[in-house]
Structure formats: structure tokens, C-alpha cells
Amino acid sequence: MRTTAAQIDDAPASDAPDMTPLHPALFLPFGAIFGFVLSRAGATTYDYYAGLFLFSDLQLLWVIAAGAATGAVGIAVMKTRKARALLTGETISFVGKPFQRQLIPGSLLLGLGWGLAGACPGTVLAMLGEGKLNALFTIAGILLGTWLYGLFDRSAGANGR
Amino acid sequence: MDNLITWAGWVGGIGVGLVVILLFLTTGKALGVSSAYGEVCGMAGQPVYQRGSFSGPKWRLFFALGLPIGGAIAVLTSGISWVPTWDMGTLYPSVLPASIWARGAVLVCGGALIGVGARMAGGCQSGHAITGMALLNPPSVLAGGLFFVGGIVSVQALFQFLG
């Protein structure tokens, strides 16, 4: 604990431009770890999606609940310690996504699609990696939907960050 | 196909939560996936996604490209061989069309709802339901709850009318 505190004190004082931005390709292994864990969690298995919404098998409810809870504990600890990201030295920002006008209808539409396709934008990519070819249709659909949204987005925000 | 090793739900959830923590702690980034699809649309020429946080290729796209690698590793470490398959388990095939192309049309529609919805909501299951709820962010908790409402409606309807 002392060492951590010392490291934090030694870190450069300015939050500034001397920080090298991380190369985007660095995130590939992180994605691979996430894909692996999603698969082990059962989030790439179609039956668990149907089971979740039919209330016959709550595997994925546990995944989401335990995932959010674990994340919440870790974030609380990092917040208290004003943790800096190990690879950049920058203080980690824990600001959540803002409420936006279309959040309610958008969330409902996403939910309808979630049940219909039995997948999420992340898990469907891991499914493809497992060799589940139906994922190709769903991925094409998500790209189509994202594109269509772009046609109607007047605020130039494309909603997200 | 589903001789995949699967952990108990709560164990898998802890794993997912640890990945969220790992990403924050090493890179300072909030885990999320759906924006990567926006980056792809931007690169393919959709102007809305050529500005701001979507002008790719950025980290989210590479993170997303890592997901299939993880899926493949999960198969190969399950003691089974990697074989492409059209298998969807037992439940969905009992309500979806049997022909691959008709089923594919349903999945494209489902995917399109996910794509439009994620942009309207500002994130998907990973960004809102996992990371957002871990941040105890009220809009994300609302979004996460509504995702469930939508999922329950579509799956209950599917199995009610076609099951």
C-alpha cells in the first residue's frame, strides 16, 4: 500500500500532453480476454438467451449481476485511491454515460433485438470466433442498424462516446 | 457444439467484472463494444460516424476485433475441435424458420434493432448494463432495465405465438 502511494506521488504532476496515447492495437488482447470470458460465462450460448427471457435458466442474469457487482467493488476501490491508469499514468475517469433523449425507446428496441437475435454486439463477435455462423447475420444486422441510425441522426452526435 | 466449458453464472460474472476492472486499471478506458460498429460505418463512408469519438479506427474497434480471437481460444481450450456450425442450440430453432436464409433474415432484423437501439441509447449491454451499472450510473441502470423489458417481450412473443 505504501509503495502504491509513493508511486502515485512520483507520477508526473501535470495531466498533460506529455502522456503518450495508447496505440489502438494494444486493445486487441484485451478484447480477446473479454471474448474468452464471455464464452466461459455462457454468453455465447443461444439457449441461455432464450432461457433468460423465458425465466427458465437464469445463467446470464447471474453473469450480468455478478459482473456489475464485481465491477462496482473494483471501481469503488480505484476511486478511493484516485487510481491512475497503469499504462498512461493518467487519473482514471469514472464518469458514466449521460442520459440522452432517445435512451428509453432506444433501450427498448435494443432489448427487442437482444431477444430476437439471442446475442449482444459483443457476444456475437465471440460467437463468430467460436465458429457459430449465424453470428454473421446478426453482425450484418447490427452494422445495418448502426448505419440506418446514422441516416437519421441530425445532432451529429451518433450517440456514444 | 455446446461442449464448451461453461462456468457457473456468478463465476462468469465475476470474470466479466474483472475484465472491466482490468481495462480501467491498465488503460483508463470504460469497456464497451457497440461504438466499434459506428467506427466501421464511419470507415465505410457514413458521415455521421466520421466525426468525434467515432472517427476510427480507434481502440474500440481493436477491442472488438479481439473478441472473436477470445471465442476461438475458448473453443480450443474446451477440448473440442473448432468447427464452423449453423447450430443454435435447442430453443431458438424451435421457433425460428428452419431454412438458413429465412432464419438469417430474422437475425438480420434482430441485429438491426440492436444497432439502431444501441445508438439511440448510447451503448449496449457491455457499456450500459455491465460497465454503466458498475459505475452506478442512473441512466445506465435505466437502460439496463429496459433492455430486459425488450428482451422479455420479444422472446415471450416468439415462444407464445410460434412455440
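Here the structure is a predicted model, which means the values were calculated and not measured.

Rules used throughout
- Residues numbered from 1 in each chain as written.
- Chains lettered and ligands numbered in written order.
- Predicted model: local features only at pLDDT ≥ 70, side-chain atom pairs only at ≥ 80, totals over all residues.
- Heavy atoms only, no water.
- Helix = DSSP H or I, 4+ residues; strand = E, 2+ residues; numbered from the N terminus.
- Buried < 20%, exposed > 50% of the residue type's maximum accessible area, 1.4 Å probe, protein only.
- Polar contact = N/O pair within 3.5 Å; in protein donor to acceptor, adjacent residues only side chain to side chain.
- Contact = heavy atoms within 4.5 Å.
- Expected span 1.5 Å × (residues − 1).
- Buried area = accessible area lost by both parts, 1.4 Å probe.
- Domains from an automatic or database assignment.
- Nonpolar A, V, L, I, M, F, W, Y, C, P; charged D, E, K, R; others polar.

### As for the side chain of T27 of chain B
Alright, step 1. Summarising the element assignment, T27 of chain B is placed in helix 1 (residues 9–27).
Alright, step 2. A residue is classified by how much of its surface remains accessible, and T27 of chain B, at 5% relative accessible area, is buried.
Alright, step 3. Among the polar contacts made by the side chain of T27 of chain B, one reaches the main-chain amide nitrogen of K29 of chain B at a distance of 3.2 Å.
Alright, step 4. Excluding residues within four positions of it along the chain, T27 of chain B makes contact with L22, F27, F30, A85, L87 and T88 of chain A together with L22 of chain B.

### Brief notes about helix 2 (residues 27–40) of chain A
Alright, step 1. Taking 1.5 Å per residue, 14 residues should reach 20 Å; helix 2 of chain A reaches 20 Å between its end C-alpha atoms and fits that length.
Alright, step 2. For helix 2 of chain A, a buried count of 10 out of 14 residues is recorded, marking the element as mostly surrounded by other parts of the structure.
Alright, step 3. Buried within helix 2 of chain A are the following residues: F27, F30, G31, A32, F34, G35, V37, L38, S39 and R40 of chain A.
Alright, step 4. The elements touched by buried residues of helix 2 of chain A are helix 6 (123–130) of chain A together with helix 1, helix 3 (59–76) and helix 5 (125–134) of chain B.
Alright, step 5. Phi for G42 of chain A, located one or two positions after helix 2 of chain A, is positive at around 90°.

### A look at the interface of chain B and chain A
Alright, step 1. On the side of chain A, 110 residues touch chain B, which itself brings 123 residues to the contact.
Alright, step 2. Of all residues in chain B, the largest losses of buried area upon contact with chain A belong to Y37, I114 and M120 of chain B, amounting jointly to 8% of the total for that side.
Alright, step 3. Inspection of the chain B/chain A interface yields 31 residue pairs in polar contact (both at pLDDT 80 or more).
Alright, step 4. At the level of elements, helix 1, helix 2 (35–43), helix 3, helix 4 (100–121), helix 5 and helix 6 (138–162) of chain B are the ones that each hand at least two residues to the side of chain B that touches chain A.
Alright, step 5. Top element by residues in the side of chain B that touches chain A is helix 4 of chain B. It accounts for 19 residues.

### Brief notes about the domain arrangement of chain B
Residue and element names in this part refer to chain B.
Alright, step 1. The domains assigned to chain B are domain 1 (1–85) and domain 2 (87–163).
Alright, step 2. Taking the mean C-alpha position of each, domain 1 and domain 2 sit 17 Å from one another.
Alright, step 3. Facing the 13 residues of domain 1 at the interface are 10 residues of domain 2.
Alright, step 4. Both faces combined, the contact of domain 1 with domain 2 buries some 860 Å², and carbon together with sulfur accounts for 61% of it.
Alright, step 5. Summed over the three residues of domain 1 that lose the most area to domain 2, namely L31, S34 and T85, the buried surface amounts to 42% of that side.
Alright, step 6. Run the count over domain 1 and domain 2 and you get 4 residue pairs in polar contact (both at pLDDT 80 or more).
Alright, step 7. Broken down by element, the side of domain 1 that touches domain 2 gets its largest block of residues, 3 residues, from helix 1.
Alright, step 8. Of the residues belonging to the side of domain 1 that touches domain 2, the class tally is 9 nonpolar, 4 polar and no charged.

### Looking at unusual backbone geometry
Alright, step 1. One non-glycine residue, F55 of chain A, lies in the positive phi region at around 60°.
Alright, step 2. Turning to its location among the elements, F55 of chain A is positioned in the loop between helix 3 (46–53) and helix 4 (59–80).
Alright, step 3. Positive phi outside glycine occurs at L136 of chain B, with the angle close to 55°.

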